[in-house]
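Chains, contacts and geometry: an overview
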Amino acid sequence: MRLTKLGHACVRLARDDRTLVIDPGGLTGDADPYAGAQAVLVTHEHFDHFDADGLRRAMAADPALEVWTSRVVAENLADLGGRVHQVGHEDALTIAGFDVHVYGEDHEIMHPDLPPVPNVGFLVDGEVFHPGDALTVPGVPVPTLCLPGNAPWMRAVDLYEYTRAVRPQRAFAIHDGLLNEVGLSVMERVLTGAGEELGRDFRRLAPGTTVDLARP
């Protein structure tokens, strides 16, 4: 499998002639995240993960494109009928030829007086876990973690604690679109330190970078 980091929280996973995209949102950048994709996975409804207009255009252009997502996003796209699939914690599915397991239920707390937003994470082919905006520990081995690097709901200590809990072989920082060059440098130092602590490969991928996920 090959992983390509696009902008912010969006990643593309490809194996042979099959491709799926996770969280093509409003900070994805200029690249077309849907090009060649057979499926789209969306963790939750926030704009940096879910671009409703862009996704609708992509689905209009490709009648075979389908979406798997949280309850709120599925409700938002209800007019698209059976092409949109609501998923929940512990669902196990085959999507575009990939084995996908769903973990997690809620976004990390953003406001103490408001209920959490529904958020689902996706483990693809038992290899790559994208948690969305949650520090979900799947409870199964995670060789490659798409690690939130920065968010209003996240502290540096959360990064350390999350990687210790999941213990991935590799962690590639995502969710970094709010940072300037100084912030990216700080995040990368924290990320590298967490990897050194566990003796693992933790790093940030620049947008557009592709890595081959052959098992280490």
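Residues numbered from 1 in each chain as written. Predicted model: local features only at pLDDT ≥ 70, side-chain atom pairs only at ≥ 80, totals over all residues. Heavy atoms only, no water.

**Observations concerning the overall build of the protein**
Counting its regular elements, the protein contains 4 helices and 14 strands. Taken over C-alpha atoms, the radius of gyration comes to 16 Å for the protein, in line with the 17 Å a tight globule of 216 residues would show. Overall size of the protein, expressed as C-alpha extent along the three principal axes, is 45 × 45 × 35 Å. For the protein, with 216 residues in total, the buried portion stands at 50%. Considering only residue pairs separated by 6 or more positions, the protein has 55% of its internal contacts joining residues 24 or more positions apart. With an accessible surface of roughly 9,500 Å², the protein has 50% of that area assigned to carbon and sulfur atoms. (Helix = DSSP H or I, 4+ residues; strand = E, 2+ residues; numbered from the N terminus. Rg over C-alpha atoms; globule rule 2.2 N^0.38 Å. Buried < 20%, exposed > 50% of the residue type's maximum accessible area, 1.4 Å probe, protein only. Contact = heavy atoms within 4.5 Å. Areas by Shrake-Rupley, 256 points an atom, 1.4 Å probe, with all protein chains shown as cover.)

**So, the pattern of salt bridges**
The tally for this structure, following the rule as stated, stands at 9 salt bridges. One salt bridge connects D158 with R155, and the closest N-O pair in it is separated by 3.0 Å. Overall, the relative accessible area of 53% leaves R155 in the exposed class. A salt bridge links D201 to R203; its shortest N-O distance comes to 3.0 Å. A single salt-bridge network, built from bridges that share partners, covers K5, D176 and R204. (Salt bridge = Lys/Arg side-chain N within 4 Å of Asp/Glu carboxyl O.)

**Some points on the sheet that holds strand β14 (residues 210-212)**
On the basis of which strands lie adjacent, the open sheet formed by 7 strands has the order β6-β5-β4-β3-β2-β1-β14 and mixed pairing. Either end of the sheet is taken by a strand with one partner, and the two such strands are β6 (84-86) and β14. The sheet shows a mean angle of 20° between the axes of neighbouring strands, direction not considered. One ladder, built from 4 bridges, connects strand β4 (residues 39-42) with strand β5 (residues 66-69); its direction is parallel. If you follow V42 over to β5, its bridge partner there is T69. (Pairing = 2+ DSSP bridges. Axes fitted to C-alpha atoms, helices over the stretch in contact; angles between N-to-C directions.)

**Digging into the pairing of β4**
Residues of β4 alternate between two faces, with A39 and L41 on one and V40 and V42 on the opposite face, all of them buried. Looking at chain direction, strand β3 (residues 18-22) and β4 are connected through 3 bridges and run parallel. Residue pairing in the sheet places L20 in a bridge with A39 of β4. One crossover worth recording links β4 to the parallel β5 by way of helix α1 (residues 52-61), and it is right-handed. (Right-handed = clockwise from strand over helix to strand, strands pointing away.)

**Section: the sheet that holds strand β10 (residues 128-130)**
For sheets, the rule is that strands pair by backbone hydrogen bonds, running either parallel or antiparallel. A sheet is described by the order of its strands in space; here 7 strands give the open sequence β7-β8-β9-β10-β11-β12-β13, paired in mixed fashion. In this open sheet, the two edge strands, each paired with only one partner strand, are β7 (92-95) and β13 (201-204). When the angles between neighbouring strand axes are averaged without regard to direction, this sheet yields 25°. In the packing of helix α3 (residues 156-166) onto the sheet, contacts are made with β10, β11 (144-148) and β13, and the angle to β11 comes to roughly 160°. Its contacts with the sheet place helix α4 (residues 181-198) against β11, β12 (170-174) and β13, and it is angled at close to 175° to β13.

**Section: the nonpolar core**
Residues L3, L13, L20, I22, L41, F122 and V124 are the most contacted members of the largest nonpolar core, which totals 25 residues. Mapped onto this core, the elements with two or more residues apiece are β2 (11-15), β3, β4, β8 (98-103), β9 (121-124) and β12. Here this core takes 3 residues from β8, the largest share from any one element. Setting aside its immediate chain neighbours within four residues, I22 contacts A9, C10, V11, L13, L41, T43, F122, V124 and H130. (Core = buried A, V, L, I, M, F, W, Y, C linked by side-chain atoms within 4.5 Å.)

**Regarding unusual backbone geometry**
Phi is positive for R167, close to 55°, though the residue is something other than glycine. Relative to the helices and strands, R167 resides in the loop between α3 and β12. In this structure R167 comes out as partly exposed when scored by relative accessible area, which is 44%. You will see that H175, though not glycine, has its phi angle at about 55°, which is positive. Among the secondary structure elements, H175 is positioned in the loop between β12 and α4.

**Considerations on the environment of L135**
With respect to the secondary-structure elements, L135 resides in the loop between β10 and β11. Between the C-alpha atoms of L135 and T163, which are 28 residues apart in sequence, the distance is 9.4 Å. Excluding residues within four positions of it along the chain, L135 makes contact with E108, W153, M154, D158 and Y162.

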